[in-house]
Amino acid sequence: MYEGASVGIVDRRNGVLLDVCGSRLALDATMAGAIVVDPTPA
Amino acid sequence: MTRPTLRVALIGNPNCGKSTLFNALTGRRQKVANFPGVTVEWVEGSYVHEGTTVSVLDLPGTYSLSPDAPDEVITYDVVHGRAAGLDPVDVFVVVLDAENLERNLYLATEVLELGRPTVVVLNRIDRLPAAEMKVDVVELIHALGAIVVPSVATTQEGLDRVRHCIARAPDVPPSDLRASGAITDGQNAERRYEWISAVMARTVTRTGTRGTRSSDRVDAVLLHRVWGPLIFVAVMAIAFQALFLVATPLASLLQLGLGSLSDVLRGVLPAGDFQSLLIDGALGGVGSVIVFVPQIALLFLFIGALEDSGYLSRAAFVMDRFMRPLGLQGKSFIPLLSGYACAVPAIMATRTIPQTKERLATIMVVPLMSCSARLPVYTLLISAFVPAVTIGYVLTLQGLALLAMYIFGTVAALAAAAVFRRTLLRSDTRALIIEMPAYAKPTIRVLLSTVWQRVAVFLQRAGTVIFAISVLLWAMGHYPQAGTPSAPVSEEAQLAQSALGQVGHAVEPLVRPLGLDWKIGVAMVASFAAREVFVSTMATMYGVPQHETVHTELAARLRDARAPGTGRPTYTRAAAFGLLAFYVFALMCTSTIAVTVRETGGGWQGARWAALQFSYMLVLAWGSAFVVYRVALALGAG
């Protein structure tokens, strides 16, 4: 539902709390652990 | 009847204020709260503007026009004119949360792409200063090519402009983001957000740094792995203590009022059957339930405050970790918690759960959560059989016993869900992604309105179902008459010989193993229509006079009742605990059964799920009552 949006990490002590376009989105630990960040070519 | 001439649909992200705007426009009282997924089906209202009837549809929130959960499918169908029984919409009103403009614009662009008359309402502009944001509305109008109206739905600011723009929208050429080149066919989400980012750069000015918010600091505690669950348990414990401590004096006042009314009627009406019917039957039955209004109002006030503050989503996230091993995820937690108020809206709230089997499992266990209708039964039995002693300075044993009932129900619901998810409804549990709404101070007006609506439903039941059953039970208890005017018999003998007594004796073999007698059996049978009927039935059967305190008097009579011949207590503490267990687990609500049929597919398919739900809960209730009774007896509570 937020595909394509830029995100920022607010907190990651329990799952992860993201800043997505100004909204706060909480992801459970399973999903947070499965996130893989790929560097984008410049 | 006036035919609506303009059909309007409110569309927007979850929790952006659509229902608040709907209520403000139409004067309806649709439920609003501060978490995503409050509205799960379309609701229709109307208003008249300059002689035109405007029919307004409030739709479930959605993040995009690519539906995921069942509630989002409803919005998709309405937008595309595929909703059964609904005429096509003339004007779309896209509601944007000004604080979350970037995310909200995604859906707005999708709606504007349709090339239909659209009004964009920029809601919650009053929150912009606190969020250190400014929005250039004129620039936003240029960017979207659509009518944009700033508004604050909660205070009705800008509402006249919204009505005016809706009326004019059909005459305004619709925005065409495709023609302007803003959106192209097949454009992916990334490209769409790029366009939105460019619009944001032109329209939004941030006056502060976009870093950590004060709500993030609160979330660091409330979402903490250890503190989060502990705070949640503490909040619940305080609430249930308050139910007993605060509501009891208010209930006593109500009882005094009912007692006075009874005295007045007794003085005015001649003694006889009619007086008895009115005072012992109707007033006794209905009054014994009405005295629980303060408890129920407090329960709804508490749940409403949780909903409006934004805490409910936090609680769902915190509880996700504990629910996952049981096969449920945090999104199931909100319907379960709503079940403390009433199972009917709670079952409907499961529409926000995208995964079908998770949703079905949640529906099947929601009625195990102790709803407000159980409160009168709990209060009566706890008052009668749990000593009123204080522990420490603030805790009472009766308050803790009440909390225990809610914990038993919750644990049973989670355990039953685990069984369903490992047997009939086996599937992988979906990962949790949940939006944390901004914290908000609960609005007193909205809170009181919600409480009043709920109390009104309770009073309506008291005035209809409970009234009718009370009168019927009175008649069954008085006829056929065992004595004659010249040779009257005792009340006990009359009841035993009456139609009610015969029904009671017929069901006695089922309740005797639970340490209960035929009178309780009658009350249990009667309360299958609605749980709170248990209290009114007992009040009617024990002929509790409307003096001073009805439920205190009834509690005393239950406690002091003695078996004829032996002189031993009719109801032991062990039997009372077993009875409490029965009411924790039994499904005694026709409305819940009906909504389960509807939400599980309707027709025979829905009926089968509802039958399974009713049956397993009945077996669980009787089995638990039997075990609790026997264990309590063995522990010396006889």
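Going by the structure above, here's the rest.
Residues numbered from 1 in each chain as written. Chains lettered and ligands numbered in written order. Predicted model: local features only at pLDDT ≥ 70, side-chain atom pairs only at ≥ 80, totals over all residues. Heavy atoms only, no water.

> Sorry, what's going on with the overall build of chain B here?
Secondary structure assignment for chain B yields 25 helices and 11 strands. Since a compact globule built from 638 residues should have a radius of gyration of about 26 Å, the 28 Å found for chain B is in line with a globular shape. Taking the principal axes of the C-alpha coordinates as reference, chain B spans close to 95 × 55 × 50 Å. In chain B, which comprises 638 residues, the proportion classed as buried is 55%. Sequence-distant contacts in chain B: of pairs separated by 6 or more residues, those separated by 24 or more amount to 72%. (Helix = DSSP H or I, 4+ residues; strand = E, 2+ residues; numbered from the N terminus. Rg over C-alpha atoms; globule rule 2.2 N^0.38 Å. Buried < 20%, exposed > 50% of the residue type's maximum accessible area, 1.4 Å probe, protein only. Contact = heavy atoms within 4.5 Å.)

> Can you help me understand the overall build of chain A in this one?
Within chain A, the regular secondary structure consists of 1 helix and 3 strands. In chain A, the succession of α and β elements from N to C terminus is β-β-β-α. Accessible area for chain A stands at about 2,500 Å²; split by element, carbon and sulfur atoms hold 57% of it. (Areas by Shrake-Rupley, 256 points an atom, 1.4 Å probe, with all protein chains shown as cover.)

> Explain the interface of chain A and chain B here, please?
Size of an interface: often given as the accessible area lost when the parts come together. Counting residues at the interface gives 22 residues for chain A, matched by 26 residues for chain B. Of the roughly 2,300 Å² buried where chain A meets chain B, counting both sides, 55% is carbon and sulfur surface. Asp216(B) is paired through a salt bridge with Arg24(A); the nearest N and O atoms lie 2.7 Å apart. The tally of links from chain A across to chain B stands at 6 residue pairs in polar contact (both at pLDDT 80 or more). Residue assignment for the side of chain A that touches chain B shows that the elements contributing at least two residues are β1 (7-11), β2 (16-20), β3 (23-27) and α1 (29-33) of chain A. Sorting elements by how many residues they give to the side of chain A that touches chain B places β3(A) first, with 5 residues. (Buried area = accessible area lost by both parts, 1.4 Å probe. Salt bridge = Lys/Arg side-chain N within 4 Å of Asp/Glu carboxyl O. Polar contact = N/O pair within 3.5 Å; in protein donor to acceptor, adjacent residues only side chain to side chain.)

> Can you help me understand the packing of helix α24 (residues 590-599) of chain B against helix α25 (residues 603-634) of chain B in this one?
The geometry of a pair of packed helices is captured by two quantities: the angle between their axes and the separation between those axes. All names here are of chain B. Direction vectors running N to C along α24 and α25 enclose 135°, while the axes themselves pass 7 Å from each other. On the basis of the axis angle, α24 is oblique to α25. The two elements α24 and α25 cross, and the hand of that crossing is right-handed. Across from Ile593, Thr596 and Val597 in α24, the residues of α25 making contact are Gly603, Gly606, Ala607, Ala610, Gln613 and Phe614. Taken together, the residues that form the contact of α24 with α25 break down as 5 nonpolar, 4 polar and no charged. (Axes fitted to C-alpha atoms, helices over the stretch in contact; angles between N-to-C directions. Parallel < 35°, antiparallel > 145°, perpendicular 65-115°, else oblique. Left-handed = near helix turned anticlockwise from the far one by under 90°. Nonpolar A, V, L, I, M, F, W, Y, C, P; charged D, E, K, R; others polar.)

> Which parts of the structure should I look at to understand the nonpolar core?
Nonpolar side chains in soluble globular proteins generally cluster together in the buried interior. Membership of the largest hydrophobic core comes to 128 residues, with the highest contact counts inside it found for Phe534(B) and Met538(B). Once residues within four sequence positions are removed from consideration, Phe534(B) is found in contact with Val377(B), Leu380(B), Leu381(B), Ile520(B), Ala523(B), Met524(B), Ser527(B), Leu579(B) and Tyr583(B). Ranked by size, the runner-up nonpolar core spans 46 residues in total, among them Leu18(A), Leu65(B), Leu140(B) and Leu144(B). (Core = buried A, V, L, I, M, F, W, Y, C linked by side-chain atoms within 4.5 Å.)

> Looking at this structure, how should I read the sheet that holds β3(A)?
Pairing in this open sheet of 4 strands is antiparallel, and the strands run β1(A)-β2(A)-β3(A)-β11(B) from one edge to the other. The open sheet terminates on both sides in strands that have one partner only, identified here as β1 of chain A together with β11 (433-436) of chain B. Strand-to-strand, the axes of this sheet are offset by a mean angle of 35°, without reference to chain direction. Bridge count for β2(A) against β3(A) is 5 bridges, and the pairing is antiparallel. In the sheet register, Asp19(A) faces β3(A), and the bridge partner there is Arg24(A). (Pairing = 2+ DSSP bridges.)

> Can you walk me through the side chain of Ser370(B) in this structure?
Residues and elements named next belong to chain B. Within the secondary structure layout, serine 370 lies in the loop between α14 (356-365) and α15 (375-385). The class for serine 370 is buried, based on a relative accessible area of 0%. Side chain to side chain, serine 370 and tyrosine 378 meet in a polar contact 2.7 Å long. With residues up to four places along the chain from it excluded, the contact list for serine 370 reads Gly339, Tyr340, Tyr378, Met405 and Tyr406.

> Can you walk me through the pattern of salt bridges in this structure?
Side chains that differ in sign of charge can pair as their charged atoms come close. Evaluation of the coordinates by the stated rule reveals 20 salt bridges over all chains. Among the salt bridges present, the one from Arg24(A) reaches Asp19(A), with a minimum N-O distance of 3.3 Å. For Arg24(A), a relative accessible area of 4% corresponds to the buried category. A salt bridge links Arg598(B) to Glu599(B); its shortest N-O distance comes to 3.2 Å. Using a relative accessible area of 45% as the deciding quantity, one classes Arg598(B) as partly exposed. Here the residues in one salt-bridge network are Arg351(B), Arg359(B), Arg598(B) and Glu599(B), joined through shared partners.

> Would you mind showing me how to read the packing of helix α9 (residues 273-290) of chain B against helix α17 (residues 444-478) of chain B here?
Residue and element names in this part refer to chain B. At a minimum axis distance of 8 Å, the contact between α9 and α17 shows a crossing angle of 140°. The pairing of α9 with α17 is recorded here as oblique in orientation. The handedness of the crossing between α9 and α17 comes out as right-handed. Here Asp273, Ser276, Leu277, Asp280, Gly281, Ala282, Gly285, Val286, Val289 and Ile290 of α9 lie close against α17, whose contacting residues are Phe458, Leu459, Ala462, Ile466, Phe467, Ser470, Val471, Trp474 and His478. When the residues that make up the contact of α9 with α17 are grouped by side-chain class, the tally is 12 nonpolar, 5 polar and 2 charged.

> I keep staring at the sheet that holds strand β2 (residues 43-49) of chain B and nothing clicks. Help me out?
Residue and element names in this part refer to chain B. The mixed open sheet is built from 6 strands, whose spatial order is β2-β3-β1-β4-β5-β7. Whereas interior strands pair on both sides, the edge strands pair on one side only; in this sheet they are β2 and β7 (147-150). Strand-to-strand twist of the sheet, defined as the mean angle between neighbouring strand axes without regard to direction, takes the value 25°. As paired strands, β2 and strand β3 (residues 52-58) are joined by 7 bridges and run antiparallel to one another. Considered in β3, the bridge of valine 43 is made with aspartate 58. Each of β1 (6-12), β4 (91-97) and β5 (118-123) touches helix α3 (residues 101-112); the most contacted strand, β4, lies at about 165° to it.

> When you look at the state of the cysteines in this model, what are you seeing that I'm missing?
Linking two cysteines covalently via their sulfur atoms produces the bond known as a disulfide. Residues and elements named next belong to chain B. As enumerated under the stated definition, the model contains 0 disulfides over all chains in all. Cysteine 589 provides the cysteine sulfur closest to cysteine 342, a residue in no disulfide bond, and the two sulfurs are 6.4 Å apart. A disulfide-free cysteine, cysteine 371 has its sulfur positioned 6.5 Å from the sulfur of cysteine 342, the nearest such atom. (Disulfide = S-S within 2.5 Å.)

> How should I be thinking about the environment of Phe534(B) in this particular structure?
All names here are of chain B. Inspection of the secondary structure assignment puts phenylalanine 534 in helix α21 (residues 533-541). Exposure remark for phenylalanine 534: the relative accessible area of 0% places this residue in the buried category. Along the primary structure phenylalanine 534 and proline 376 are separated by 158 residues, whereas in three dimensions their C-alpha atoms are 8.7 Å apart.

Any functional reading would require information beyond the geometric quantities listed.
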